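Structural overview
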Amino acid sequence: MNLKVDVLVLGGGAAGFFAAVNAARLNRGLRVALVEKSSKVLSKVLVSGGGRCNVTHHCLEPGILVGNYPRGGNVLRQVFARWGTEDTIHWFGQRGVPLKTEADGRMFPVTDRSETVARCLLTEAEKYGVAVLLNTHYDTIRPMEGGFVLKGPGGTAHCSQLLVATGGHPKGEAYRWLEDLGHRIVAPVPSLFTFNLPQNPITELMGVSVPEATVRLTAFKKSSNGPLLITHWGLSGPAILRLSALAARDLNACQYRFEFSIQWLPTLHEDQIRENLLKQQKDFNQSQVIGHLGLGLPARLVRYLVEKVGLDPSKRWSEWSRKDLNRFTALLANDTYQAQGKTTFKEEFVTAGGVHLGDVNLTDMQSKRVPNLYFAGEVLDIDGVTGGFNFQAAWSTGWLAAKGMAGEGSNE
Ligand SMILES: Cc1cc2nc3c(=O)[nH]c(=O)nc-3n(C[C@H](O)[C@H](O)[C@H](O)COP(=O)(O)OP(=O)(O)OC[C@H]3O[C@@H](n4cnc5c(N)ncnc54)[C@H](O)[C@@H]3O)c2cc1C
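Residues numbered from 1 in each chain as written. Predicted model: local features only at pLDDT ≥ 70, side-chain atom pairs only at ≥ 80, totals over all residues.

**A few points about the overall build of the protein**
Condition: Secondary structure is summarised from DSSP: a helix means a run of H or I of at least four residues, a strand means a run of E of at least two, and numbering begins at the N terminus for each. Exposure criterion: with C-beta atoms placed from backbone coordinates, a residue whose C-beta has 20 or more other C-beta atoms within 10 Å is buried, one with 12 or fewer is exposed, and one in between is partly exposed. Distance between backbone-placed C-beta atoms decides contact: two residues are in contact if it is within 7 Å.
Assigned secondary structure in the protein consists of 13 helices and 21 strands. Over its C-alpha atoms, taken along the principal directions, the protein stretches across nearly 85 × 40 × 35 Å. Here the protein, with 412 residues, has 44% of them falling under the buried criterion. Looking at the protein alone, contacts between residues at least 24 apart form 73% of all its contacts between residues at least 6 apart.

**Section: the domain arrangement of the protein**
Under the convention used in this document: Each domain span listed reflects an automatic or database assignment of domains. Amino acid classes used here: Ala, Val, Leu, Ile, Met, Phe, Trp, Tyr, Cys and Pro are nonpolar; Asp, Glu, Lys and Arg are charged; the rest, including Gly, are polar.
Domain parsing of the protein yields domain 1 (3–190 + 350–409) and domain 2 (193–347). The C-alpha centroid of domain 2 is placed 40 Å from the C-alpha centroid of domain 1. Contacts between the two partners involve eight residues from domain 1 and, on the opposite side, nine residues from domain 2. Split by residue class, the side of domain 1 that touches domain 2 holds five nonpolar, two polar and one charged.

**A short note on the nonpolar core**
In plain terms, the rule: By convention the nonpolar core is taken to be a set of buried residues drawn from Ala, Val, Leu, Ile, Met, Phe, Trp, Tyr and Cys and joined through C-beta atoms within 7 Å.
Ala19, Ala20 and Leu163 are the most contacted members of the largest nonpolar core, which has 113 residues in total. Setting aside residues up to four positions removed in sequence, Ala20 forms contacts with Val9, Val32, Leu34, Ala125 and Val130.

**Focus on the sheet that holds strand β4 (residues 99–101)**
Spelled out, the test is: When DSSP finds at least two bridges between two strands, those strands are taken to pair.
As summarised here, the arrangement of the three strands in space is β3-β5-β4, forming an open sheet in which the pairing is antiparallel. In this open sheet, the two strands that pair with only one neighbour each are β3 (56–57) and β4. For β4 and strand β5 (residues 106–109), the ladder comprises three bridges, and the chain directions are antiparallel. In the strand pairing of β5, Thr101 is matched with Met107.

**Observations concerning helix α1 (residues 14–26)**
This is how it is decided: To estimate how far a helix should reach, multiply one less than its number of residues by 1.5 Å.
The end-to-end C-alpha distance of α1 is 18 Å, a good match for the 18 Å that 13 residues give at a rise of 1.5 Å each. When you tally the buried positions in α1, you get twelve out of 13 residues, the bulk of the element. For α1, the set of buried residues is Ala14, Ala15, Gly16, Phe17, Phe18, Ala19, Ala20, Val21, Asn22, Ala23, Ala24 and Arg25.

**Considerations on the pairing of strand β2 (residues 32–35)**
Our working rule: When the strands point away from the viewer and the connection leading from the first strand across the helix to the second strand turns clockwise, the crossover is called right-handed.
Side chains of β2 alternate between two faces, with Val32 and Leu34 and Ala33 and Val35 buried alike. Pairing geometry for strand β1 (residues 3–10) and β2, over four bridges, is parallel. Its bridge partner being in β2, Leu8 is matched across the sheet by Ala33. With α1 bridging β1 and the parallel β2, this β-α-β connection has right-handed handedness. Of the strand pairs in this sheet, β2 and strand β6 (residues 131–133) are connected by three bridges, and their pairing is parallel. Bridging across to β6, Ala33 finds its partner in Ala131.

**What to know about the site of the ligand**
Convention followed: All residues are tested the same way: a C-beta atom is placed from the backbone, and lying within 6 Å of a molecule or strand makes the residue near it.
Residues in contact with the ligand amount to 33 residues; listed here are only the nearest, Gly11, Gly13, Ser48, Gly167 and Gly377. Elements that contribute at least two residues to the shell around the ligand include exactly α1, α2 (43–51) and α13 (389–406). For the shell around the ligand, the element with the highest residue contribution is α2, accounting for five residues. Of the residues belonging to the shell around the ligand, the class tally is twelve nonpolar, 15 polar and six charged.

**What to know about the sheet that holds strand β11 (residues 193–196)**
Convention followed: Under this scheme, a helix contributes an axis fitted over its contacting stretch, all axes are lines through C-alpha atoms, and angles between N-to-C directions fall in the 0 to 180 degree range.
Read from one edge of the open sheet, seven strands run β16-β15-β12-β13-β14-β11-β17, paired in antiparallel fashion. Bordering the open sheet on either side are β16 (335–340) and β17 (342–344), each of which pairs with just one other strand. With direction set aside, neighbouring strand axes in the sheet form an average angle of 40°. Along the sheet, helix α8 (residues 238–246) makes contact with β11, β12 (209–217), β13 (222–230) and β14 (234–236), crossing β13 at roughly 145°.

Put into structure tokens, the structure is as follows:
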């Protein structure tokens with residue numbers, strides 16, 4: 001099939017769809033087409049958030065929002081100042097998809113169904129005449145006078161403006177064609193994963209969680225704080241996922257074999273833990289340590305930690321020497337593990353790396369190397385922690401690209 005359009009969008013994910021429907025809406029004179037290489041559009045939107053789609057995060061201040069992007073960071077401030085979370089909430093709300101906020105700030109459609117979000121985008125595409133082509137891709141893309149010519153197994157396409165919204169990819173080869181067009185590519189590595197502890201006895205506690213722990217990667221001077229969950233393969237939960245994102249590159253470089261430590265009671269200094277334990281020892285001298293620790297940790301975890309430090313959990317407080325108490329205190333403050341490998345969290349992952357942000361004009365997401373070529377979404381060197389931040393980056397960059405492509409004719 002031969003195609004001739006004003007705007008051609010490569011990639012039918014969140015960023016590509018959002019850009020395509022908004023470009024068509026902002027400038028009704030544009031002929032817009034979106035091509036998707038697979039047989040399905042919006043597949044990540046549909047599976048995201050456990051089928052509920054964590055659309056964005058209730059963080060309305062761009063300066064605070066950027067703190068959730070290990071890659072992209074401060075340069076995103078200007079992007080979010082132009083299209084922030086409030087704009088996303090408003091955009092979906094206006095189209096019959098009101099969002100609700102959960103206690104941790106994550107925002108979902110009130111229907112709790114990701115189909116609602118996908119259907120909204122598909123309806124907009126239909127309403128504004130965006131042509132959607134499935135099972136289509138192009139092997140060669142050549143800039144030429146007045147636009148681009150693309151050739152693939154299914155035919156040729158001509159367009160005046162081209163948006164690349166092809167998402168992240170773990171392999172550098174996937175970005176080669178963008179490199180050939182003069183862009184720098186930051187080497188892609190996976191982000192957002194859990195830590196594997198094969199055969200470690202802590203995995204016998206699977207299902208146990210603590211509401212707050214600090215996890216440290218001392219070698220890389222990085223740490224993260226938050227809920228921690230023990231699984232049958234290792235450790236997971238927001239504290240781990242966040243740290244995996246902060247240290248995505250470091251951990252890739254050491255092939256996911258690294259030491260980390262857990263501070264089980266991060267709100268207490270080591271001296272305070274010791275004081276608390278001494279008080280418990282005094283008050284419950286004839287009782288078993290295990291039942292009278294008084295620090296609010298789950299009983300199974302306490303038993304495991306007591307055994308880890310080489311003590312007998314059935315002993316009474318009176319049988320613990322000062323040295324025992326000090327050893328246990330030290331473990332609570334700094335419990336070390338050797339991770340061996342990583343696991344994807346609920347199949348959710350993102351790519352750290354992609355098109356260098358220095359090669360993109362962040363006011364309209366246009367390439368600084370090739371005029372009329374735009375970028376949006378995860379193909380860029382932007383990624384966030386879990387919580388709706390990755391979709392927000394897709395909506396924001398998609399919107400700016402749409403505005404840029406809609407150009408002078410833009411009616412907003
Ligand atoms: C299972 C899972 C759950 C997630 N849950 C959440 C969540 O709840 N909240 C959140 O914020 N983030 C979540 N994420 C991350 C989020 O989905 C991504 O960051 C976001 O989808 C990126 O959007 P995108 O449009 O840039 O890329 P994608 O969604 O990856 O879309 C890119 C599209 O381009 C197509 N494509 C690739 N190459 C070509 C080509 N050459 N020609 C044509 N088409 C091409 C691909 O097939 C794909 O459909 C999740 C990720 C996964 C994997």
